[in-house]
Amino acid sequence: MTTAPSPQPDEATQPAAPTPPAPSRGWAPLRPLILRLHFYAGVLVAPFLLVAAVTGLLYAASFQAEKIVYADELTVSVGDTKLPVSEQVAAARQAHPEGTVTAVRPSPAADATTRVLLSGVPGVDADHTLAVFVDPYTAKVEGALEQYGATGALPLRTWIDELHRDLHLGETGRLYSELAASWLWVIASGGLVLWFSRRRALRRLRGTTGRRRTLGLHGTVGAWAAAGFLFLSVTGLTWSAYAGANIDELRTSLGGATPAVAATAAGDHAEHGGAAPSGDRRAAPGVGLDKVLAAARAEGLTDPVEIQPPADASSAYVVKQVQRSWPEKQDSVAVDPATGEVLDVLRFADYPVLAKLTRWGIDLHSGVLFGLVNQIALMLLAGSLILLVLWGYRMWWQRGRGSAFGRPIPRGAWAEVPPQILVPLLAAVAVVGYFVPLLGIPLAVFLAVDVVLGEIAHRRGRRTYAAK
């Protein structure tokens, strides 16, 4: 006859007045604190993570959906010879004379259309452009759609992107995504520590039922996906409102800012760019788009590229590669509008290491670096996060919400942490909380709530241990 193992402190509620835990060394005293933080953050931040995961899954799938929905605008039948870019732009302007030409993306593949991008078009968001799609073989305009961002997102992907980024609430809505990104790495790291600190027997799935099985599923999937969550959190913070600004400032101070090609026209030629149609001076001044593109080709800029007309009389054309998939093509050149001479060349190979890492990280996060494989991996991570949130709430339900929600950390837990660990830990938390304010502020609130709940429990004469 066998007997069931005795319940462990992290599996069952202790008696009303337990014997204070014996002093221990190392990281073990931190486990109750990590457990409490993981629990509070999981319960209170999980709804934001759930929204970010669902919208992120939709965004990862939107790349393929975009190709299907906008196939008529994006693709054409392959012809014999592509027309000069200037003729394609002229056809686009004849169909859409409104606004100003701010960029041209020549057809990057045999069956792809050319995009002529117009800004200042009535009815188009100020942060967006109107993309006019032109058949490169016939100069027929195939349609026009609103476009956003460097990856050329069309209306479907733009709508999902904004849903993921700010829930269509503008700058205020960005706080939700920054909160999720700020806490994802904390919850994932804490869960990883808790999972591997448990005895192997308590981590197994086979033969378990009820809450133990839910815990096993939650921990196993979380452990496998933790590295991906850490990556998504860090890269997501790079373009957040508050932490992102701090990261950019730090990166710049370390010499890792993203460089830009010098786009100033050469001396006396700056005022002699040539005439252009009234109201569209940026469209084709000086030597024109075709010679500018030929100069860029001579410098090795292969497709896909974007041509940006001069911003003013003292500026040059800028031609830059816009391939964000591996291998990255991000070289750029500045071309004199009067002579067609290349004034400056910037190679992606010469970017600072931090700038390269930032570029790769953002492109991997957004699903473009490795194409379909990248997008499938992101969908799997998003699906995993959705399951983890649901399993987390199920565990809370299975153990009894009323007693578990306010279960405080046992008194004396902080005193059990060795000073050589506690002091550096508090300093690190303070620094990280300062640079990532939507982590630091909620963390301070969590700790204050936990202390208050612990004090209330103490005054009522009951002390409980947190359970996982």
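Here the residue index of a chain counts from 1 through its sequence in written order. For this predicted model, a pLDDT threshold of at least 70 governs which residues receive local features, and a threshold of 80 or more governs which side-chain atom pairs are given and counted, while totals over whole chains, interfaces and linings are taken from all residues. Each side-chain value is derived from all of the structure's non-hydrogen atoms; neither hydrogens nor water enter the calculation.

**What to know about the pairing of strand 7 (residues 332–335)**
Then, number 1: Accessible area is worked out with a 1.4 Å probe on protein chains only. A residue is then buried under 20% of its type maximum, exposed over 50%, and partly exposed in between. Helix and strand definitions here come from DSSP, where helices need a minimum of 4 consecutive H or I residues and strands a minimum of 2 consecutive E residues; each element is numbered from the N-terminal end. Along strand 7, one buried face is formed by S332 and A334 and the opposite face, lined by V333 and V335, is buried too.
Then, number 2: At least two bridges found by DSSP between two strands is the condition for calling them paired. Note that strand 7 and strand 8 (residues 342–346) share four bridges and pair antiparallel. Following the sheet pairing, V333 is matched in strand 8 by V345.
Then, number 3: Joining the antiparallel neighbours strand 7 and strand 8 is a turn of six residues, in which G340 adopts a positive phi near 80°.

**Looking at the nonpolar core**
Then, number 1: Ranked by size, the top nonpolar core spans 34 residues in total, and within it L49, W183, F229 and L385 carry the most contacts.
Then, number 2: Elements represented by at least two residues in this core include exactly helix 1 (31–69), helix 5 (174–197), helix 7 (210–237), helix 11 (371–399) and helix 15 (437–459).
Then, number 3: Looking at which element gives the most residues to this core, the answer is helix 5, with nine residues.
Then, number 4: Beyond its immediate stretch of four places on either side in the chain, F229 contacts L184, A188, L381, S384, L385 and L388.
Then, number 5: Membership of the second largest hydrophobic core comes to 24 residues, among which are A92, V292, Y317 and V319. For our purposes a nonpolar core is just a set of buried Ala, Val, Leu, Ile, Met, Phe, Trp, Tyr and Cys residues, chained together by side-chain atoms within 4.5 Å. Note on contacts: a residue pair qualifies if any of its non-hydrogen atoms lie within 4.5 Å across the two residues.

**Some remarks on the confidence of the model for the chain**
Then, number 1: With 82% of its residues at a pLDDT of 70 or more, the chain shows a mean pLDDT of 86.
Then, number 2: As a per-residue quantity, pLDDT reports the predictor's confidence and falls between 0 and 100. Across residues 269–279 the pLDDT falls below 50, and counting only partners more than four positions away or on other chains, this stretch makes 17 contacts in the model.

**With respect to the packing of aromatic side chains**
Then, number 1: The aromatic pairing rule takes the rings of Phe, Tyr and Trp, using the six-membered ring of Trp, and pairs them if the centres are within 6.5 Å, calling planes under 30 degrees apart stacked, those over 60 edge-to-face and the rest tilted. Under the defined criterion, the tally for this structure stands at eight aromatic pairs.
Then, number 2: With centroids separated by 5.3 Å and ring planes inclined at 75°, the aromatic side chains of Y59 and F63 adopt a geometry described as edge-to-face. Note that Y59 and F63 are positioned in helix 1 at a spacing of four residues, about one turn of the helix. Exposure class is identical for Y59 and F63. Each is buried.
Then, number 3: Taken together through their ring pairs, the aromatic side chains of W326, F348, Y351, W360 and F370 make up a single cluster.

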